[in-house]
Amino acid sequence: MTDETMPTDGRDRATDGNDRATVGHDRPLLVGVDVGGSKIAVLVVDRDARVLAREIAPTEARPQDEAVGIIARAVETTLASAGARIGDVAAIGVGVPGRVDPLTGAVTLAVNLGWSDLPLGSELEARLGRPTVVENDVRAAVLGLHRRRVVGDIDDLAYLAVGTGVSAGVMLHGRLHRGARGLAGEVGHVIADPGGARCACGQQGCLETLVAGWGIARLARDAIATGRPTAMTEPGGMATPGVPSAVDVYRAAASGDPLATEIADAVGRRLAWAIHLLVMAYDVERVVLGGGVSHAGETFERPIQRELDRLRAGSALAREQLVEGIVELLPPGADAGAWGAVIIAAAAHPGIGVGHGWEEVGHVRET
């Protein structure tokens, strides 16, 4: 971010005893907020990149008119856990699943949250009194993975998040790629099953309807409704009886349940095709898989790798592009979304963390 994106009303300077975290304070704090479809994750870190507190609020930031209050309360709760106050914060970064104008902090469209034209950045600044930067969540995440070198010294990188939604953030030659309309990497809304289930975007059969958490749950629910036998319908087979979740599916698949395994295999095949699409389109060196669904670990990854092997076996071009090791799961505890939000907060605040690695962060609007 450039300096012109920062507030010019003096809120970035210490003015009283409650604003001691900015200029003149030797350990200013940064807050990163990752807004998801089912939870809000918040990190509070100091200028040495030490985590002081991490909180996850299992709540949805919707409806739109309640979003600012919900996010603000999550920030305040996490600061309290860190033994800090809002005046200790130099800047706040927020990652949101949707189209964002990073210069104004407005969320222009977030279909999975039901938001449109929400001035999130300015409203959070008004509520919390601290400079706030807003970015698309996966683009913030991939920038954070790159700047923190989480997967090594790689400048051509894609981060594919599979959770409530499906989207990819892309780094090309070490620069964040947004695309002409700020929607580069939205592979979740590529149509994979014409005439399939209705997607939140309004189309039918988008990839999200087949591989996102809610899509996996729908596949399980529909199969169970036809009378297919499965351990998921047995006592304890679902966290909420009668309401299968993606977690239930992968837990059952890990135990060898045929129906759950069939669904997990189908999800893996389709995600392998999405990875193939990303690699063919952007020629990245690595694709990192993250998001809530990826927490199923090997049960999630194995069918993806199996389908990638099949693609390699059938095509010299695929063998050239889909090299061994090109796909990896996000390391456990990486907190890619929240750390990405921390990184964009650091990038937006002039001088923050100089000498502690934050100066590596470049202009977030780079394309």
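Residues numbered from 1 in each chain as written. Predicted model: local features only at pLDDT ≥ 70, side-chain atom pairs only at ≥ 80, totals over all residues. Heavy atoms only, no water.

1. Notes on the packing of aromatic side chains
At step 1: Tallying each qualifying case throughout the model produces one aromatic pair.
At step 2: Centre to centre, the rings of Tyr250 and Phe300 are 6.2 Å apart; their planes meet at 65 degrees, and the pair counts as edge-to-face. Remark: Phe300 occurs in helix H8 (residues 298–314) and Tyr250 occurs in helix H6 (residues 246–254); sequence separation between them is 50 residues. Across the pair, exposure class does not vary: Tyr250 and Phe300 are buried alike. (Phe/Tyr/Trp six-rings, centres within 6.5 Å; stacked < 30°, edge-to-face > 60°. Helix = DSSP H or I, 4+ residues; strand = E, 2+ residues; numbered from the N terminus. Buried < 20%, exposed > 50% of the residue type's maximum accessible area, 1.4 Å probe, protein only.)

2. Describing the packing of helix H3 (residues 137–147) against helix H10 (residues 336–348)
The angle between the axes and the distance between the axes are what describe a pair of packed helices.
At step 1: In contact at an axis separation of 7 Å, H3 and H10 are set at 80 degrees when each is read in the N-to-C sense. Considered as vectors, H3 and H10 are oriented roughly perpendicular to each other. Mapping the contact onto sequence places Ala140, Ala141, Leu143, Gly144, Leu145 and Arg147 in H3 and Ala336, Gly337, Gly340, Ala341, Ile343 and Ile344 in H10.
At step 2: Class assignment for the residues of the contact of H3 with H10 results in eight nonpolar, three polar and one charged. (Axes fitted to C-alpha atoms, helices over the stretch in contact; angles between N-to-C directions. Parallel < 35°, antiparallel > 145°, perpendicular 65-115°, else oblique. Contact = heavy atoms within 4.5 Å. Nonpolar A, V, L, I, M, F, W, Y, C, P; charged D, E, K, R; others polar.)

3. Concerning the pairing of strand S12 (residues 286–290)
At step 1: With respect to burial, S12 is a largely interior element, five of its five residues being buried.
At step 2: Neither face of S12 is left uncovered, since the one carrying Arg286, Val288 and Gly290 and the one carrying Val287 and Leu289 both have all their residues buried.
At step 3: Summarising the sheet, strand S9 (residues 157–162) and S12 pair through five bridges and their orientation is parallel. Counted as the bridge partner of Tyr159 is Val288 from S12.
At step 4: When S12 meets strand S13 (residues 327–329), the two strands line up parallel, connected through three bridges. Residue pairing in the sheet places Val287 in a bridge with Val327 of S13. (Pairing = 2+ DSSP bridges.)

4. Description of the sheet that holds strand S6 (residues 106–110)
At step 1: Pairing within the open sheet is antiparallel, and its three strands lie in the order S5-S6-S7. Each of the sheet's edge strands pairs with one partner strand only, and the pair in question is strand S5 (99–101) and strand S7 (115–118). In this sheet, neighbouring strand axes are inclined to one another by 20 degrees on average, regardless of whether the strands run parallel or antiparallel.
At step 2: Where S6 meets S7, three bridges bridge the pair, whose relative direction is antiparallel. When the bridges of S7 are listed, Ala110 appears paired with Trp115.

5. Some remarks on H6
At step 1: Among the residues of H6, those classed as buried are Ala246, Asp248, Val249, Tyr250, Ala252 and Ala253.
At step 2: Elements in contact with the buried residues of H6: helix H5 (213–225), helix H7 (258–282) and H8.
At step 3: Remark: Gly256 follows H6 within two positions and exhibits a positive phi of approximately 90 degrees.

6. Section: the pattern of salt bridges
At step 1: Tallying each qualifying case throughout the model produces 15 salt bridges.
At step 2: Measuring nitrogen to oxygen at the nearest pair gives 3.3 Å for the salt bridge that ties Arg251 to Asp248. Residue Arg251 and its partner Asp248 are both found in helix H6; the two are separated by three residues, about one turn of the helix.
At step 3: Of the charged contacts, one joins Arg310 and Glu307 as a salt bridge, the two residues approaching to 2.7 Å between their closest N and O atoms. With Arg310 and Glu307 both in helix H8 and three residues apart, the pair spans about one turn of that helix.
At step 4: One connected set of salt bridges, linked through shared partners, spans Asp46, Asp48 and Arg50. (Salt bridge = Lys/Arg side-chain N within 4 Å of Asp/Glu carboxyl O.)

By themselves, these figures tell us nothing about what the structure is for.
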